[in-house]
There are 2 protein chains.
Amino acid sequence: MKRNSRLSLALHTLGHMAGDPQRMRTSADIADHVGTNPVVVRRVLGKLREAGLLRSEKGHSGGWRLAKSAADISLADVYLALDERLVSGGSEDSDPSRCSVEVGLQVRVAEVLEDIEAQLVKRLGETSIVEVHPSSCGYCEAGSDSEK
Amino acid sequence: MKRNSRLSLALHTLGHMAGDPQRMRTSADIADHVGTNPVVVRRVLGKLREAGLLRSEKGHSGGWRLAKSAADISLADVYLALDERLVSGGSEDSDPSRCSVEVGLQVRVAEVLEDIEAQLVKRLGETSIVEVHPSSCGYCEAGSDSEK
DNA sequence: ACGAACGCAACTGCAATTGTTACGTTTTGC
DNA sequence: GCAAAACGTAACAATTGCAGTTGCGTTCGT
């Protein structure tokens, strides 16, 4: 699925950060670990920064770090920060040419989807990113040494 | 959203069929009404036929019709027939190179999505396609006359 | 047997997303 | 100060998924 791409990059990275919150990670580091490009990483993590989950620092020893306690970041926070919603999102312009069956249907389905998404967020809100970090994690044990 | 395209074609068409179950509709008719191509209609409705919701007949006076009572067809039936699932759907090949955070995350998120989708299906299952057909529907009142 | 419909495969076109390159800006360390 | 290392951003290329289209075969009914 396409929707999982950015979300999984974000969750994956935050999962690691939860295991070692002080460590500063560069986008190149992260990109290398998840198998993508530094610019892509910056694009995704930039969203998380806007949402107040991460902080980035420029300059020589810059990089990315959690902006608050890992325990206070839930999967829902990450999901919402990327604003990829299930429901189509309001192309409900009242086009008079549309037939009534179509309109009634859209309303009905949209209602259900809205409701379902709320439940999804609720469920995601119940787990923090600290809970997805296993005790043994090679990537984190590697510490600050960036071995090419 | 892209996911809504086929689903809305399917629901729209079934909604109309529920209002006049005996009438045979050609894919060209339907395509004209929903503003698309006959082949696209056949692609989507073909899925519904595989699921036992519709029957199609070839030949001169062929076309599409409900395969069972409209009251027995729920929105969930249509949703499931198109097999567009929320959850990424089993690319869970145990790649040893994947890091444990990633794996744990996928499992966790997949669990939630599975659960959420079950609720979605349950909700959709509560309404039948007869409930989305308004009493006054110009398209259906037009009857079998296909006015170009 | 001819026309009208579906069935199916292949191709094109479009839109969204990701990947890539390039360049500017900021900060650190020397 | 100045070079190196990092982010920020814009622009472009590559990829992907899906709708749309065409074409042809098949199957019916008249």
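Calculation rules
Residues numbered from 1 in each chain as written. Chains lettered and ligands numbered in written order. Predicted model: local features only at pLDDT ≥ 70, side-chain atom pairs only at ≥ 80, totals over all residues. Helix = DSSP H or I, 4+ residues; strand = E, 2+ residues; numbered from the N terminus. Buried ≥ 20, exposed ≤ 12 C-beta atoms within 10 Å, placed from the backbone. Contact = placed C-beta atoms within 7 Å. Near = placed C-beta within 6 Å. Nonpolar A, V, L, I, M, F, W, Y, C, P; charged D, E, K, R; others polar. pLDDT = per-residue confidence, 0-100. Axes fitted to C-alpha atoms, helices over the stretch in contact; angles between N-to-C directions. Parallel < 35°, antiparallel > 145°, perpendicular 65-115°, else oblique. Arc of directions from axis to C-beta. Core = buried A, V, L, I, M, F, W, Y, C linked by C-beta atoms within 7 Å. Pairing = 2+ DSSP bridges. Expected span 1.5 Å × (residues − 1).

**Focus on the overall build of chain A**
Alright, step 1. Looking only at helices and strands, one finds 6 helices and 2 strands in chain A.
Alright, step 2. In chain A, which comprises 148 residues, the proportion classed as buried is 27%.
Alright, step 3. Excluding contacts between residues fewer than 6 apart, the proportion of contacts in chain A whose partners are at least 24 apart in sequence is 74%.

**Comments concerning the protein's contact with DNA strand C**
Alright, step 1. In the vicinity of DNA strand C there are 25 residues, among which Ser5, Gly59 and His60 of chain A together with Ser27 and His60 of chain B approach most closely.
Alright, step 2. Residue assignment for the surface near DNA strand C shows that the elements contributing at least two residues are α1 (3-19) and α3 (38-50) of chain A together with α2 (27-34), α3 (38-50) and β2 (63-66) of chain B.
Alright, step 3. Residues that form the surface near DNA strand C fall into these classes: 6 nonpolar, 14 polar and 5 charged.

**So, the protein's contact with DNA strand D**
Alright, step 1. Taken together, 25 residues lie around DNA strand D, and Ser27 of chain A together with Ser5, Val39, Gly59 and His60 of chain B are the ones closest in.
Alright, step 2. Elements represented by at least two residues in the surface near DNA strand D include exactly α2 (27-34), α3 and β2 (63-66) of chain A together with α1 (3-19) and α3 of chain B.
Alright, step 3. It is α3 of chain A that contributes the most residues to the surface near DNA strand D, 4 residues altogether.
Alright, step 4. For the surface near DNA strand D, the per-class residue count stands at 6 nonpolar, 14 polar and 5 charged.

**A closer look at unusual backbone geometry**
Alright, step 1. Of note in this structure, Asp83 of chain A is not a glycine but carries a positive phi near 30°.
Alright, step 2. Assignment of secondary structure puts Asp83 of chain A in the loop between α4 (75-81) and α5 (100-124).

**Focus on the confidence of the model for chain A**
Alright, step 1. Averaged over all residues, the pLDDT of chain A is 85; the fraction at 70 or higher stands at 80%.
Alright, step 2. In the predicted structure, residues 143-148 of chain A sits below a pLDDT of 50 and forms 3 contacts with residues beyond four places in sequence or in another chain.

**Let's talk about the packing of α2 of chain A against α3 of chain A**
Residues and elements named next belong to chain A.
Alright, step 1. Contact geometry for α2 and α3: axes closest at 8 Å, N-to-C directions at 105°. When the axis of α2 is compared with that of α3, the two are roughly perpendicular. Between α2 and α3, the residues in contact are Ser27, Ala28, Ile30 and Ala31 and Pro38, Val40, Val41 and Arg42, respectively.
Alright, step 2. Here the residues of the contact of α2 with α3 are counted per class, giving 6 nonpolar, 1 polar and 1 charged.

**Here's the deal with the environment of Gly62 of chain A**
Residues and elements named next belong to chain A.
Alright, step 1. Structurally, Gly62 can be placed in the loop between β1 (54-57) and β2.
Alright, step 2. As a C-alpha pair, Gly62 and Val130 span 68 residues in sequence and 24 Å in three-dimensional space.
Alright, step 3. Once residues within four sequence positions are removed from consideration, Gly62 is found in contact with Ser56 and Glu57.

**Concerning the environment of Ala28 of chain B**
Alright, step 1. Inspection of the secondary structure assignment puts Ala28 of chain B in helix α2.
Alright, step 2. Sequence spacing of Ala28 of chain B and Leu45 of chain B is 17 residues, and the spatial spacing of their C-alpha atoms is 12 Å.

**Remarks on α2 of chain B**
Residues and elements named next belong to chain B.
Alright, step 1. Listed as buried for α2 are Ser27, Asp29 and Ile30. Axial view of α2: buried residues confined to an arc of 155°, hence all on one face.
Alright, step 2. Just downstream of α2, Gly35 is the residue with a positive phi angle, here 75°.

**Digging into the environment of Asp20 of chain A**
Alright, step 1. Relative to the helices and strands, Asp20 of chain A resides in the loop between α1 and α2.
Alright, step 2. The spacing of Asp20 of chain A and His133 of chain A is 113 residues in sequence and 9.9 Å in space, taken between C-alpha atoms.

**Observations concerning the nonpolar core**
Alright, step 1. Counting residues in each nonpolar core, the largest one holds 58 residues, and the members touching the most others are Leu14 and Val78 of chain A together with Leu14 and Val78 of chain B.
Alright, step 2. Apart from residues no more than four positions distant in its own chain, Leu14 of chain A is found in contact with Ile73, Val78 and Ile129 of chain A.

**Topic: the pairing of strand β1 (residues 54-57) of chain B**
Alright, step 1. Both β1 of chain B and β2 of chain B contribute to a ladder of 4 bridges, which runs antiparallel. Paired with Leu54 of chain B across the bridge in β2 of chain B is Leu66 of chain B.

**Description of α3 of chain A**
Residue and element names in this part refer to chain A.
Alright, step 1. If you check α3, its first and last C-alpha atoms are 18 Å apart, about what 13 residues at 1.5 Å a residue would give, namely 18 Å.
Alright, step 2. Buried residues of α3: Val41, Val44, Leu45 and Leu48, and no others.
Alright, step 3. After α3 finishes, the residue Gly52 shows a positive phi value of roughly 80°.

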